[in-house]
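Each chain, written out:
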Amino acid sequence: MQHSLTIHYTPLPQCPVHELRMWRNAFEAELAHWLGTRQWEHVHRFGRDALGREAAGLDVMKAALSRLLARALCITSAALHGVPQQQLRMDDRGRPLLDGWLVAFSHSGQAAFCAMAPAGQAGPALGLDAEALASTPPHASAFAEHELSAPKPLAQECANREALRRWTIKEAMLKAAGLGLGMQPALIPTGRSGQRAGLWRGPLGQLGWRTLACPGHWLCVAQAGHVPSGRIVLQAQNLRTLLQSLADLQQ
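Below or above, wherever it landed, is the structure these notes cover. Just so we're clear, the structure is a prediction, and the values are computed from it rather than from any experiment. (Residues numbered from 1 in each chain as written. Predicted model: local features only at pLDDT ≥ 70, side-chain atom pairs only at ≥ 80, totals over all residues. Heavy atoms only, no water.)

1. Remarks on the overall build of the protein chain
Reasoning step 1: Each helix and strand counted, the protein chain has 5 helices and 10 strands in total.
Reasoning step 2: The globule rule puts the C-alpha radius of gyration for 251 residues at 18 Å, and the 18 Å found for the protein chain is close to it.
Reasoning step 3: For the protein chain, the spread of C-alpha atoms along the principal axes amounts to about 55 × 40 × 30 Å.
Reasoning step 4: Within the protein chain, the proportion of its 251 residues that are buried is 49%. (Helix = DSSP H or I, 4+ residues; strand = E, 2+ residues; numbered from the N terminus. Rg over C-alpha atoms; globule rule 2.2 N^0.38 Å. Buried < 20%, exposed > 50% of the residue type's maximum accessible area, 1.4 Å probe, protein only.)

What follows is the structure, given as structure tokens:
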């Protein structure tokens, strides 16, 4: 971890809404101490209305739990590497802040992801995006015309996966730049068909990106200044172990 960028992830449980709600409540209880005000407000209100009532949908509950899991992965991982107890905060562009670390989150609907690198070993910003391979690609308007063409015709499933790979690049760079969807995604280049790393000089400076495969997903990491280099470690953790690790930090 000290010499690499690590992507931690936890698959979401396949269970009914009421069980997802129990998991959400358990992680909220354990995370309350570790989240700064803006982080807590973000995760606590996600999927709830102004009166605190929860939306009933399965997808909404998965999205809410995913945001908690990503933050739990960040806090438990930092603690394992000797980081003094501190709260996870949020900068003015909505990016996570943890002293001594670069941190980025993503959620695919099937798993929660957290990328971490020691500050000083990478550029000043980090972005991460994950897309499940079974997802439907964004509308064609999110891409430049040449990005949806290929040197030879592709089966629809392969074309969809290539579109999802390109989408992770766009999303990761927007997150690293702190732009959200404040810039038209079609304007962000993603290189040649199948290209796995590249550079983009955007409105806020140069960003480098690198894509990689994870079980059932495309991932992309973006960093300010250069292409993410060296070994990128993928590390899975199951839900129960993650919750227990978080609870142990309180003792």
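2. As for the nonpolar core
Reasoning step 1: If you look at the biggest cluster of nonpolar residues, it comprises 31 residues, and the most contacted ones within it are F27, L69, C74, L98, V103 and M116.
Reasoning step 2: Of all elements in the fold, only α1 (17-31), α3 (58-80), β4 (101-107), β5 (111-118) and α5 (239-249) reach the threshold of two or more residues within this core.
Reasoning step 3: A per-element tally of this core places α3 first, with 10 residues.
Reasoning step 4: The residues touching L69, leaving out its near neighbours within four places in the chain, are T10, L12, F27, A112, L239 and L242.
Reasoning step 5: If you look at the next biggest cluster of nonpolar residues, it comprises 17 residues, including L5, Y9, L102 and A111. (Core = buried A, V, L, I, M, F, W, Y, C linked by side-chain atoms within 4.5 Å. Contact = heavy atoms within 4.5 Å.)

3. Considering the sheet that holds strand β7 (residues 197-202)
Reasoning step 1: The strand order β6-β9-β8-β7 describes an open sheet built from 4 strands, whose pairing is antiparallel. Single-partner strands in this sheet number two, and they are β6 (126-132) and β7. Sheet twist, expressed as the average angle between the axes of neighbouring strands with direction ignored, equals 20 degrees. (Pairing = 2+ DSSP bridges. Axes fitted to C-alpha atoms, helices over the stretch in contact; angles between N-to-C directions.)

4. Overview of the pattern of salt bridges
Where side chains of opposite charge bring their charged atoms close, a pairing between them can arise.
Reasoning step 1: Under the counting rule described, the total for this entry stands at 12 salt bridges.
Reasoning step 2: R48 serves as the salt-bridge partner of E28, at 2.9 Å between the closest nitrogen and oxygen. Here E28 is found in helix α1, whereas its partner R48 is found in the loop between α2 (37-45) and α3, with 20 residues between them in sequence.
Reasoning step 3: For R48, a relative accessible area of 17% corresponds to the buried category.
Reasoning step 4: A salt bridge links E162 to R166; the nearest nitrogen and oxygen atoms lie 3.3 Å apart. Of this pair, E162 and R166 both sit in helix α4 (residues 156-177), separated by 4 residues, roughly a single helical turn. When sorted by exposure, E162 lands in the same class as R166, which is buried.
Reasoning step 5: Shared partners join several salt bridges into a network, and the residues in it are R21, R24, E28, R48 and E54. (Salt bridge = Lys/Arg side-chain N within 4 Å of Asp/Glu carboxyl O.)

5. Quick word on α1
Reasoning step 1: Across its 15 residues, α1 extends 21 Å between first and last C-alpha, which sits within 8% of the 21 Å expected from 1.5 Å per residue.
Reasoning step 2: Buried residues of α1: L20, W23, R24, F27, E28 and L31, and no others. On an axial view of α1, the arc spanned by its buried residues comes to 135 degrees, and they lie on one face. Seen from the open side of α1, the exposed residues pointing more than 90 degrees away from its buried face are M22 and A29.
Reasoning step 3: Residues of α1 that are buried sit in contact with α2, α3 and α5. (Expected span 1.5 Å × (residues − 1). Arc of directions from axis to C-beta.)

6. Here's the deal with the environment of D129
Reasoning step 1: Among the secondary structure elements, D129 is positioned in strand β6.
Reasoning step 2: With a relative accessible area of 3%, D129 lands in the buried category.
Reasoning step 3: Distance in space between the C-alpha atoms of D129 and R166 is 11 Å, their sequence separation being 37 residues.
Reasoning step 4: Non-local contacts of D129, meaning those with residues more than four positions away in its chain, are made with S106, W167, T168, E171, A172, K175, W218, L219 and C220.
Reasoning step 5: Side chain to side chain, D129 and S106 meet in a polar contact 3.4 Å long. (Polar contact = N/O pair within 3.5 Å; in protein donor to acceptor, adjacent residues only side chain to side chain.)

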